[in-house]
Amino acid sequence: TFAAARHSIQFGDLRNDSRQFGSFSISEMQLGTVRNISLLGRPSFVKGFVEAQYWSGPQNDDTQDLGLIGFGAAFGTTF
């Protein structure tokens, strides 16, 4: 089982033709499970997880926030 979380603040010019400065934030969380396996004698892993994101104030004149949720999977190995 694993969990991961991060938060970022994005900032910059709100429009390409203006000097108006703005920002918004993104919070992300993952919760899932990982299993270590051997594939052709190489250490490998298989991972499944659920991820949620929360975007606060993503547009200039937008007062609504945005929430996203989804499922993911990953596979990795060494060569």
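Preceding block: the structure.
Let us look at the structure shown here. (Residues numbered from 1 in each chain as written. Predicted model: local features only at pLDDT ≥ 70, side-chain atom pairs only at ≥ 80, totals over all residues. Heavy atoms only, no water.)

**Structural notes on the sheet that holds strand β4 (residues 66–77)**
Reasoning step 1: Strand order in the open sheet formed by four strands is β1-β2-β3-β4, with antiparallel pairing between adjacent strands. Looking at strand neighbours, the two that pair on one side only are β1 (2–13) and β4, the edges of this open sheet. Sheet twist, expressed as the mean angle between neighbouring strand axes with direction ignored, is 20 degrees.
Reasoning step 2: Bridge count between strand β2 (residues 21–39) and strand β3 (residues 42–56): 15 bridges; the pairing is antiparallel. Bridging from a neighbouring strand, Gly32 pairs with Phe49 of β3. (Pairing = 2+ DSSP bridges. Helix = DSSP H or I, 4+ residues; strand = E, 2+ residues; numbered from the N terminus. Axes fitted to C-alpha atoms, helices over the stretch in contact; angles between N-to-C directions.)

**Some words on the packing of aromatic side chains**
Reasoning step 1: Applying the stated criterion across every chain yields a total of one aromatic pair.
Reasoning step 2: Both rings, one in Phe24 and one in Trp55, keep their centres 5.8 Å apart while their planes meet at 15 degrees; by these two values the pair is stacked. One end of the pair, Phe24, is in strand β2; the other, Trp55, is in strand β3, with 31 residues separating them in the sequence.
Reasoning step 3: Positioned above the aromatic ring of Phe2, the side-chain terminus of Lys47 is 5.0 Å from the ring centre. (Phe/Tyr/Trp six-rings, centres within 6.5 Å; stacked < 30°, edge-to-face > 60°. Lys NZ or Arg CZ within 6 Å of the ring centre and 35° of its normal.)

**Remarks on a nonpolar patch on the surface**
Reasoning step 1: Taken together, Ile37, Leu39, Leu40, Val46 and Phe75 make up a surface patch of nonpolar side chains, about 490 Å² in accessible area.
Reasoning step 2: Assignment of secondary structure puts Ile37 in strand β2. (Patch = residues over 30% accessible without salt bridge, like charges linked within 9 Å, V, L, I, M, F, W, Y side chains within 5 Å. Areas by Shrake-Rupley, 256 points an atom, 1.4 Å probe, with all protein chains shown as cover. Salt bridge = Lys/Arg side-chain N within 4 Å of Asp/Glu carboxyl O.)

**Some details on the environment of Phe45**
Reasoning step 1: Inspection of the secondary structure assignment puts Phe45 in strand β3.
Reasoning step 2: Along the chain, Phe45 and Arg35 lie ten residues apart, while their C-alpha atoms are 5.5 Å from each other.
Reasoning step 3: In this structure Phe45 touches Val34, Arg35, Asn36, Ile37, Ala74, Phe75 and Gly76, once residues within four positions along its chain are discounted. (Contact = heavy atoms within 4.5 Å.)

**A word on unusual backbone geometry**
Reasoning step 1: With phi around 55 degrees, Leu40 is a residue other than glycine that occupies positive phi space.
Reasoning step 2: Along the chain, Leu40 turns up in the loop between β2 and β3.

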